[in-house]
Amino acid sequence: MMKCAASINVNDRSALKSVQSDNHGHNACRSIAHDGYTRLKSPVVHRRALLVGSEGSLLVRDTFSGTGSHDFEQNFHLHPEVRATRSGEWWRLEAASVACHMRQMRGKALTLHAGEEDPPFGWHSPSYGLKVKSGVLSSRDRGPAAGVLFITAFCTGEPPGEDILKELASGL
């Protein structure tokens, strides 16, 4: 089974600041924050909320607080066997006979990168000294921390209508 998910990379110098769990009807929301960017001259705290909806839907909301203007990236690294094709606002992610869809609801559009050399981006290393081209769906923005927001929708099966996504997003 192919998993369509994202993670917050937290190294040993950062700490998880908060974890919250809520239920909104049939949906479950989990929130987490980390202070890994507070070492910057203009510190930033990253918060991620995951809202698991019914019928195979997931919303990921990334928000930021802090001072100064920064470059922000949201990257979804794909396994080399996953094919990503764009259809309108949605990306279809497929491997073997399993597929899911994802799209950006808020934030800059997702763009596909693979096998870029300078700087290296879109590579997978299955073992030491070996690299294989691998897709990365990326959204980038620049601005004050409080002004940057990413909301990404994932679903199994066919993408839901806009009204269903907006209703689900209201739980974030």
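Each remark here, short or long, concerns the structure printed above.
Reference entry: report on the structure contained in this document. For clarity, every value in this text was computed on a predicted model and none was experimentally measured. Residue numbers restart at each chain and count upward from 1, following the sequence in its written direction. Thresholds applied to this predicted model are a pLDDT of at least 70 for local features of residues and 80 or more for the giving and counting of side-chain atom pairs; totals over whole chains, interfaces and linings are not thresholded and use all residues. With hydrogens and water stripped out, all remaining heavy atoms of the structure feed into the side-chain values.

**Considering unusual backbone geometry**
Negative phi characterises most residues that are not glycine, and trans characterises most peptide bonds. In this model, Asp118 is joined to Pro119 through a cis peptide bond whose omega is 0°. Starting at the N terminus, helices and strands are each numbered in turn, a helix being any DSSP run of H or I of at least four residues and a strand any DSSP run of E of at least two. With respect to the secondary-structure elements, Pro119 resides in the loop between β10 (116–117) and β11 (120–121). One non-glycine residue with positive phi stands out, namely Ala96, at about 55°. You can call Ala96 exposed: its relative accessible area is 72%. Exposed residues in this analysis have more than 50% of their type's maximum accessible area, buried residues have under 20%, and partly exposed residues fall in between, with area computed by a 1.4 Å probe over protein chains only.

**A word on the nonpolar core**
Grouped burial of nonpolar side chains is what soluble globular proteins tend to show. Leu93, Met102 and Leu137 are the most contacted members of the largest nonpolar core, which totals 14 residues. Where this core is concerned, the elements lending two or more residues are β4 (57–66), β7 (90–95) and β8 (98–106). When residues of this core are assigned to their parent elements, the largest contribution, 3 residues, is made by β7. Residues Cys29, Leu51, Leu149 and Cys155 belong to the second largest nonpolar core, which totals 12 residues. Here the nonpolar core consists of buried residues drawn from Ala, Val, Leu, Ile, Met, Phe, Trp, Tyr and Cys, with membership extended through side-chain atoms lying within 4.5 Å.

**A word on the pattern of salt bridges**
Where charged atoms of side chains with opposite charge meet at close range, the side chains can pair. Should a side-chain nitrogen of Lys or Arg be within 4 Å of a carboxyl oxygen of Asp or Glu, the pair is scored as a salt bridge. Scanning the model with the defined rule gives 8 salt bridges in all. A salt bridge links Asp71 to Arg142; its shortest N-O distance comes to 3.2 Å. Linking Asp71 in strand β5 (residues 69–77) with Arg142 in strand β14 (residues 135–144), this pair joins segments that are 71 residues apart in sequence. Assessed through its relative accessible area of 61%, Asp71 is described here as exposed. For Arg142, a relative accessible area of 52% translates into the label exposed. One network of salt bridges, with partners in common, ties together Arg83, Arg92 and Glu94.

**As for the pairing of strand β15 (residues 149–156)**
Among the 8 residues that make up β15, 7 are buried, leaving the element largely enclosed by the rest of the structure. Two strands pair if DSSP finds at least two bridges between them. Bridge count for β4 against β15 is 7 bridges, and the pairing is antiparallel. Note on β15: the bridge partner recorded for Thr63 is Leu149. As paired elements, β8 and β15 share 6 bridges and run antiparallel to each other. What sits directly across from Gln104, in β15, is Thr152.

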